[in-house]
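Structural features, examined
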Amino acid sequence: MNVFRRLMPLLLALALPGCSDDDGTGPPIACTEEFASWVVAVVDDTGTPVEGLEVAVTREATGALLPYGEPGFVVGSYRIMDDRMNDELRVEGETIVVEGEGEGIAFRADFLFGTDAARCHVEKISGPDTVVVGG
């Protein structure tokens, strides 16, 4: 039992993937294997989920179109960000614009996404969980 207690920190260190600190000069930091993903729910003015929209997710600073906007697992939800961008986003955050349209309705919502200092995960700093489409 005593040997197990001594080996436990080593076993945990080997089991968790490592990330570097933001400037890469510090020791590796243990990241979780969790994969974070964000969706936005889109509803009409009665609160009914809206599906079938064309959704574009863009980096405001560069105008670059990001590989998101596909429907989520819940009707009326659309994926707008996930941990695939953890090495791309600034730690302090940057504005991500989400625009959707379909059959005479549209929406636009601004989000601020950043990453933790270890660049393990993307973090939503601000932005709505639900948007209402307008005609």
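Quantities reported herein were computed from a predicted structural model and do not represent experimental measurements. (Residues numbered from 1 in each chain as written. Predicted model: local features only at pLDDT ≥ 70, side-chain atom pairs only at ≥ 80, totals over all residues. Heavy atoms only, no water.)

**Structural notes on the pattern of salt bridges**
Taken as a whole and judged by the stated rule, the model has eight salt bridges. Where Arg90 meets Glu92, a salt bridge forms, and the shortest distance between an N and an O atom there is 3.1 Å. For Arg90, a relative accessible area of 39% gives the class partly exposed. One salt bridge connects Asp110 with Arg108, and the closest N-O pair in it is separated by 3.1 Å. Asp110 gets classed as partly exposed once you look at its relative accessible area, which sits at 37%. Note on Arg108: relative accessible area 49%, which makes it partly exposed. (Salt bridge = Lys/Arg side-chain N within 4 Å of Asp/Glu carboxyl O. Buried < 20%, exposed > 50% of the residue type's maximum accessible area, 1.4 Å probe, protein only.)

**Regarding the sheet that holds strand S9 (residues 122–126)**
Spatial strand order, S5-S4-S7-S8-S9: five strands in an open sheet with antiparallel pairing. A single partner strand is all that each edge strand has here, and the edge strands are strand S5 (65–66) and S9. Relative to strand S7 (residues 94–102), strand S4 (residues 54–59) runs antiparallel, the two being bridged by six bridges. Residue Thr58 lies in a different strand from S7, and its bridge partner there is Val97. (Pairing = 2+ DSSP bridges. Helix = DSSP H or I, 4+ residues; strand = E, 2+ residues; numbered from the N terminus.)

**Side note on the pairing of strand S6 (residues 77–82)**
Of all six residues that make up S6, five are buried, and the element is covered over most of its length. In terms of strand pairing, strand S3 (residues 37–43) meets S6 through five bridges, oriented antiparallel. Among the inter-strand pairings, Trp38 is bridged to a residue of S6, identified as Met81.

**So, the side chain of Ser77**
Looking at the secondary structure, you find Ser77 in strand S6. Residue classification places Ser77 among the buried positions, given a relative accessible area of 6%. Looking at Ser77, its side chain comes within polar contact range of the main-chain oxygen of Val74, at 2.6 Å. Contacts of Ser77, omitting those with residues within four sequence positions, involve Val39, Val40, Ala41, Glu70, Pro71 and Gly72. (Polar contact = N/O pair within 3.5 Å; in protein donor to acceptor, adjacent residues only side chain to side chain. Contact = heavy atoms within 4.5 Å.)

**Side note on the confidence of the model for the protein**
Residues at a pLDDT of 70 or more form 78% of the protein, whose mean pLDDT is 85. Low confidence marks residues 3–22, where pLDDT is under 50. Its contacts with residues over four positions away, or in another chain, come to 27 contacts. (pLDDT = per-residue confidence, 0-100.)

**A short note on the pairing of S3**
One ladder, built from three bridges, connects S3 with strand S10 (residues 130–132); its direction is parallel. Following the sheet pairing, Ala41 is matched in S10 by Thr130.

**Notes on the nonpolar core**
One broad rule of soluble globular proteins: the nonpolar side chains tend to lie buried together. Grouped together as the largest cluster of nonpolar side chains are 24 residues, with contacts concentrated most on Val42, Leu53, Val57, Ile80, Met81, Phe107 and Phe113. Listing elements by their share of this core, those giving two or more residues are S3, S4, S6, S7 and strand S8 (105–115). Among the elements that take part in this core, S8 stands out by supplying four residues, more than any other. For Phe107, the contacting residues outside a window of four places in its chain are Val42, Leu53, Val55, Val98, Glu99, Gly100, Val131, Val132 and Val133. (Core = buried A, V, L, I, M, F, W, Y, C linked by side-chain atoms within 4.5 Å.)

**Quick look at the sheet that holds S10**
Read across the open sheet, the three strands follow the order S6-S3-S10; overall the sheet is mixed. The open sheet is flanked by S6 and S10, the only strands paired with a single partner. Strand after strand, the sheet turns through a mean of 30° between neighbouring axes, direction not considered. (Axes fitted to C-alpha atoms, helices over the stretch in contact; angles between N-to-C directions.)

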